[in-house]
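This is what each chain is made of:
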Amino acid sequence: MGKATRTNTQSPARHAAGSHDLIRVHGARVNNLREVSVEIPKRQLTVFTGVSGSGKSSLVFDTIAAESQRLINETYSAFVQGFMPTLARPDVDVLEGLTTAIIVDQQRMGTDPRSTVGTATDANALLRILFSRLGKPHIGSAQAFSFNVASISGSGAVAFERGGKTVKERRSFSVTGGMCPRCEGRGAVTDLDLSQLYDDSKSLREGAITVPGYTGGGWNSRLYIESGFYDPDKPIRTFTKKELHDFLQHEPVRMKIAGINMTYEGLILRIRKSMLSKDPDAMQPHIREFVDRAVTFTTCPECGGTRLSEAARSSKINKISIADACAMQISDLAEWVRGLDEPSVAPLLATLQHTLESFAEIGLGYLSLDRPSSTLSGGEAQRVKMIRQLGSSLTDVTYVFDEPTIGLHPHDIQRMNDLLLRLRDKGNTVLVVEHKPETIAIADHAVDLGPGAGAAGGTICFEGTVAGLRASDTVTGRHLGDQAALKETVRTAAGRLEIRGAATHNLRDVDVDIPLGVLVVVTGVAGSGKSSLVHGSIPAGTDVVSIDQGAIHGSRRSNPATYTGLLDPVRKAFAKANDVKPALFSFNSEGACPTCNGAGVIYTDLAMMAGVATTCEVCEGKRFDASVLDYHFGGRDISEVLAMPVTEAAEFFGSGKAHTPAAHAILERLADVGLGYLTIGQPLTTLSGGERQRLKLATHMAEKGGTYVLDEPTAGLHLADVEQLLDLLDRLVDSGKSVIVVEHHQAVMAHADWIIDLGPGAGHDGGRIVFEGTPADLVAARSTLTGEHLAEYVGR
């Protein structure tokens, strides 16, 4: 028997693959980035910090993640790429070491009224299979429990060749779906106020139809005038019963109008399809205003809002139907699934239980599966998307998160931190854009961008460890250890807003008096009922200005000047000074460059390859026709004014020949919220989340009201920006306004005059007032989770 000998005592040479342990970015110039070069370690948690608008998202999302997605898309065939979004290569010299990027951002999860938390996470799909196997009575396959599948049947003769002869046979088919036939799976039915659709004293030719888009002699109105079903010259109130039915309820039929093939259908059917099938939040403002005026949404009387057919609701497991299961709080549903013992579906039960427990793990156990996904906040939507990743077997991928702690109470942030570390420990690279010190503290590597925002940012101020960042002389470094002190004196209330018996969502007959004339902060863990109390009990009316978390939607043609209404007084001032029409000074109207139609760039479509955008050679990117630029106001043309930063524009319109009070007032509000550096003609698509939040705040500040209600105004804001926000809130209160803020940020809590804390938990474990008083009393009592975390924050 031979003796084993050691032939080589030296460690083997490093494998070539080991050298690819960095993501290298060199010369990035996306948006405001200025030749940024950085090396990011793989399989570590790297946090990106900096003031709002400093270039964090431009580096992480628009450069690293965008290029990763583009390269993956290129691996598909040209045919498949034709169906995928085309992504241009980011403006960067070198990008090396990229891995597959999975982006978990704060984009709303879709506005389809049939989309729910259950459908978005596949939990509903698992439940449907479970009920198709175990439900009694058995009603069919999994699609019999789907509110997106209608029950249909049909029969008829089919002809086919057999043995050289044409044979006819009678065939029939049926599909059993779970959709409620009355509401078509939406859970709500709509009633239309006919007086808002048309003026029955007028004829169609006189413009009787008052629906947006159906006036002014366009194709929609011509369709009804020239249909031939009724006399368009007699008032609608004189229509016969048949004529009124044809006008309002006629089934779709093809016809020619002025030589063009069109589909005619009753006005009510047309409006239901074109307007009422959409989510209200996705509608244009004038359409939304019409829908709010003309339509009443009520719970479907047939399915009780469950969206499901009677057959789907009749099949039960242990006396629980699929409608009951979807309406349960997810933490309760997980408990119910845990109690099911059925070996025949054991793997299915294990998968379903893991999915449901992931909700609780991520702090969303208070939701229900039937919650419409359009009602989720940005933070909730982001965490719902995380559910899919928690059980993933993938490793060595790059996870990209956009402020995952938004909407989280300090108590919940620790749970989120644990999840980020779990993803990292599975061998993944985790990139996090974040402002919260609690999450910055757990990072292995930190990259700080700045020093300022917009044109004043876009450079790397620091890269290294969190300890190094804390010791650095950057804006983030100086603010990382900030601890707000409690106010020595608080303001005295000038009155009370009484709320009695509030029972919206999970609130339990809450009675509370909200002080007026002071800064009130409503806080509590995520899902405790804060927004339900504030938005459900304080109606937005003539004296209340409500600013929610809804995202600003805008295209490349939208900018701060158009969004805030600043462009209107500016165009009028230019028109008056030059004695021409105001429409000339809009690149979306008559003043547009005819070559690029006011876009400033020419888009070249390259089919499945990324389209190319080149600066328009005629207007040189200025967007306006050359003749428009000959008109001046205060010595500047309109393109020069739109290229000004807010502070310069405020000075320009504040005095001298260009003095325009209406424009100056709007610019002052933009400067007040810390957007003085923003170019007023900059496309909204280039703004960061924090910049959009403050732009919305500045716009709402123009509204007249004695009470301002703000829902998490610190979302997307750097620690330094929070100070500026607090100054703004103080100025509002000192001017005699009442300010009510739903907020988790401890700096805002410490600055409050009065705190209302809801809890003690989330969902049915919350919905009660657990504390009301001054911040000092909350810290002294330490009787709630908020009190404990605030005491720790202020160092008490």
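What you see is a predicted model, and the numbers here were worked out from it, not measured in a lab.

## A few points about the overall build of the chain
Per the secondary structure count, the chain includes 28 helices and 27 strands. Taking 796 residues into account, the globule formula puts the C-alpha radius of gyration at 28 Å, and the chain, at 30 Å, falls close to it. Here the chain, with 796 residues, has 49% of them falling under the buried criterion. Pairs at least 24 residues apart make up 66% of the contacts formed inside the chain by residues separated by at least 6 positions. Approximately 36500 Å² of the chain is accessible, and the part contributed by carbon and sulfur atoms is 51%. Taking the average place of the 80 positive charges on the side chains of the chain and the average place of its 93 negative ones, the gap between the two points comes to 6 Å.

## Points about the layout of surface pockets
Taken as a whole, the second largest pocket holds about 460 Å³ of empty space. Lining the second largest pocket are 22 residues, with Pro 437, Glu 438, Gln 746, Glu 792 and Tyr 793 positioned closest to its centre. Taken together, the elements giving at least two residues each to the lining of the second largest pocket come down to α14 (410–425), α15 (437–440) and α28 (785–793). At 4 residues, α14 tops the list of elements feeding residues into the lining of the second largest pocket. When the residues that make up the lining of the second largest pocket are grouped by side-chain class, the tally is 8 nonpolar, 9 polar and 5 charged.

## Here's the deal with the sheet that holds strand β1 (residues 22–28)
With antiparallel pairing, 3 strands are arranged side by side in an open sheet as β2-β1-β4. A single partner strand is all that each edge strand has here, and the edge strands are β2 (36–41) and β4 (92–96). Going across the sheet, the axis of each strand differs from the next one's by a mean of 5°, ignoring polarity. Across 4 bridges, the pairing between β1 and β4 is antiparallel. Each residue of the ladder has a partner; that of Val 25, found in β4, is Leu 95.

## Remarks on the pairing of strand β7 (residues 165–175)
For β7, a buried count of 0 out of 11 residues is recorded, marking the element as mostly open to its surroundings. Here strand β6 (residues 152–162) runs beside β7; their pairing, made up of 11 bridges, is antiparallel. The residue of β7 that forms the bridge with Gly 156 is Arg 171. Hairpin connection from β6 to β7: 2 residues lie between these consecutive antiparallel strands, with Gly 163 at a positive phi of about 60°.

## Details of empty space enclosed by the protein
Counted under the stated rule, the structure contains 3 cavities of 30 Å³ or more. Counted as a void, the largest cavity has a volume near 140 Å³. Ile 406, Lys 436, Thr 714, Ala 715 and Gly 716 are, among the 18 residues lining the largest cavity, the residues nearest its centre. Of the residues assigned to the lining of the largest cavity, the class counts are 6 nonpolar, 7 polar and 5 charged.

## Some words on the pattern of salt bridges
Counting across every chain of the model gives 36 salt bridges. Residues Arg 500 and Glu 498 are paired through a salt bridge, measuring 3.9 Å at the closest nitrogen-oxygen approach. Arg 636 is the salt-bridge partner of Glu 648, the closest N and O atoms lying 3.6 Å from each other. Of the two residues, Glu 648 is situated in helix α22 (residues 646–654) and Arg 636 in the loop between β23 (612–615) and α21 (638–642); the sequence distance between them amounts to 12 residues. Since its relative accessible area comes to 29%, Arg 636 is described here as partly exposed. Three or more residues are tied together by salt bridges with common partners; here these are Lys 487, Arg 491, Asp 730, Asp 734 and Asp 753.

## Structural notes on the sheet that holds strand β15 (residues 429–433)
The strand order β5-β14-β15-β3-β16-β17 describes an open sheet built from 6 strands, whose pairing is mixed. Only two strands of the sheet have a single neighbouring strand rather than two, namely β5 (101–104) and β17 (459–464). Strand-to-strand twist of the sheet, defined as the mean angle between neighbouring strand axes without regard to direction, takes the value 15°. Pairing geometry for β5 and strand β14 (residues 398–402), over 4 bridges, is parallel. Across the sheet, residue Ile 102 finds its bridge partner in β14, namely Tyr 399.

## Regarding unusual backbone geometry
Of the consecutive residues Gly 450 and Pro 451, the connecting peptide bond is found in the cis state with omega at 0°. Here Pro 451 is to be found in the loop between β16 (445–450) and β17. The linkage connecting Gly 759 with the following residue, Pro 760, adopts the cis geometry, with an omega of 0°. For Asn 31, which is not a glycine, the phi torsion comes out positive at approximately 50°. For Asn 31, the location among the structural elements is in the loop between β1 and β2. If you check the backbone angles, Asp 579 has positive phi at about 55° while not being a glycine. Topologically, Asp 579 is positioned in the loop between α20 (567–578) and β22 (601–604).

## Considerations on the side chain of Asp 412
Tracing the sequence through the fold places Asp 412 in helix α14. Overall, Asp 412 belongs to the buried group, its relative accessible area being 6%. The residues touching Asp 412, leaving out its near neighbours within four places in the chain, are Val 525 and Ala 526.

## Digging into the packing of aromatic side chains
Under the definition given, this model contains 16 aromatic pairs. The interplanar angle of 20° and the centroid separation of 6.3 Å between the aromatic rings of Phe 131 and Trp 336 together place this pair among those described as stacked. On the criterion of sequence distance, the pair formed by Phe 131 in helix α4 (residues 123–134) and Trp 336 in helix α11 (residues 330–338) is long-range, its members being 205 residues apart. With respect to class, Phe 131 is no different from Trp 336; both count as buried.

## Some points on the packing of helix α6 (residues 241–249) against helix α7 (residues 267–276)
Two elements in contact, α6 and α7, have axes separated by 4 Å at closest approach and are oriented at 15°. In terms of their interaxial angle, α6 and α7 are classed as roughly parallel. Facing Phe 247, Leu 248 and Gln 249 of α6, the residues of α7 in contact are Leu 267, Ile 268 and Leu 269. Tallied by class, the residues present in the contact of α6 with α7 amount to 5 nonpolar, 1 polar and no charged.

## Focus: the nonpolar core
Taken as a class, soluble globular proteins show a tendency for nonpolar side chains to be buried jointly. Among the nonpolar cores identified, the biggest contains 69 residues, and Ile 638, Phe 653, Leu 667, Ile 680, Leu 729 and Val 739 are the most heavily contacted of them. A per-element tally of this core places helix α25 (residues 719–734) first, with 7 residues. Ignoring sequence-local partners within four residues, the contact set of Ile 680 consists of Asn 559, Pro 560, Ala 561, Leu 566, Val 641, Leu 642, Met 644, Val 646, Ala 649 and Leu 667.

## Focus on the environment of Cys 616
The topology assignment puts Cys 616 in the loop between β23 and α21. As for Cys 616 and Thr 679, which are separated by 63 residues in sequence, their C-alpha atoms are 20 Å apart. Apart from residues lying up to four places away in sequence, Cys 616 is in contact with Cys 593, Thr 595, Cys 596, Gly 600, Val 601, Ile 602 and Gly 621.

## With respect to a nonpolar patch on the surface
Together, Tyr 76, Phe 79, Val 80 and Phe 83 give the surface a local cluster of nonpolar side chains, amounting to about 470 Å² of exposed area. Judged by relative accessible area, Tyr 76 falls into the partly exposed class, the value being 40%.

## Considerations on the environment of Pro 301
Structurally, Pro 301 is set in the loop between β11 (295–299) and α9 (310–314). Sequence separation between Pro 301 and Phe 61 is 240 residues; the distance between their C-alpha atoms is 46 Å.

## Section: the side chain of Asn 428
Here Asn 428 lies in the loop between α14 and β15. The buried category is assigned to Asn 428, whose relative accessible area is 0%. Only 3.1 Å separates the side chain of Asn 428 from the backbone nitrogen of Val 397, close enough to count as a polar contact. Contact partners of Asn 428, with chain neighbours within four places excluded, come to Arg 43, Gln 44, Leu 394, Thr 395, Asp 396, Val 397, Tyr 399 and Leu 423.

## Observations regarding the confidence of the model for the chain
Put simply, the chain has an average pLDDT of 88, and 93% of its residues get 70 or more. For the chain, β23 is the element with the lowest average pLDDT, namely 74, and strand β3 (residues 45–49) is the one with the highest, namely 97. Across residues 1–11 the pLDDT falls below 50, and counting only partners more than four positions away or on other chains, this stretch makes 0 contacts in the model.

## Overview of α6
Three or more residues of α6 are buried, namely Glu 243, Asp 246, Phe 247 and Leu 248. Against α5 (219–225), β10 (260–264) and α7 lie the buried residues of α6.

Analysis parameters
- Residues numbered from 1 in each chain as written.
- Predicted model: local features only at pLDDT ≥ 70, side-chain atom pairs only at ≥ 80, totals over all residues.
- Heavy atoms only, no water.
- Helix = DSSP H or I, 4+ residues; strand = E, 2+ residues; numbered from the N terminus.
- Rg over C-alpha atoms; globule rule 2.2 N^0.38 Å.
- Buried < 20%, exposed > 50% of the residue type's maximum accessible area, 1.4 Å probe, protein only.
- Contact = heavy atoms within 4.5 Å.
- Areas by Shrake-Rupley, 256 points an atom, 1.4 Å probe, with all protein chains shown as cover.
- Lys, Arg positive; Asp, Glu negative; His and termini not counted.
- Charge placed at Lys NZ, Arg CZ, Asp CG, Glu CD.
- 1 Å grid on protein atoms, 1.4 Å probe; cavity = no way out; pocket = protein on both sides within 12 Å on 5 of 7 lines; lining within 4 Å.
- Points joined across faces, edges and corners; volume = space filled by probe spheres on them.
- Nonpolar A, V, L, I, M, F, W, Y, C, P; charged D, E, K, R; others polar.
- Pairing = 2+ DSSP bridges.
- Axes fitted to C-alpha atoms, helices over the stretch in contact; angles between N-to-C directions.
- Salt bridge = Lys/Arg side-chain N within 4 Å of Asp/Glu carboxyl O.
- Phe/Tyr/Trp six-rings, centres within 6.5 Å; stacked < 30°, edge-to-face > 60°.
- Parallel < 35°, antiparallel > 145°, perpendicular 65-115°, else oblique.
- Core = buried A, V, L, I, M, F, W, Y, C linked by side-chain atoms within 4.5 Å.
- Patch = residues over 30% accessible without salt bridge, like charges linked within 9 Å, V, L, I, M, F, W, Y side chains within 5 Å.
- Polar contact = N/O pair within 3.5 Å; in protein donor to acceptor, adjacent residues only side chain to side chain.
- pLDDT = per-residue confidence, 0-100.

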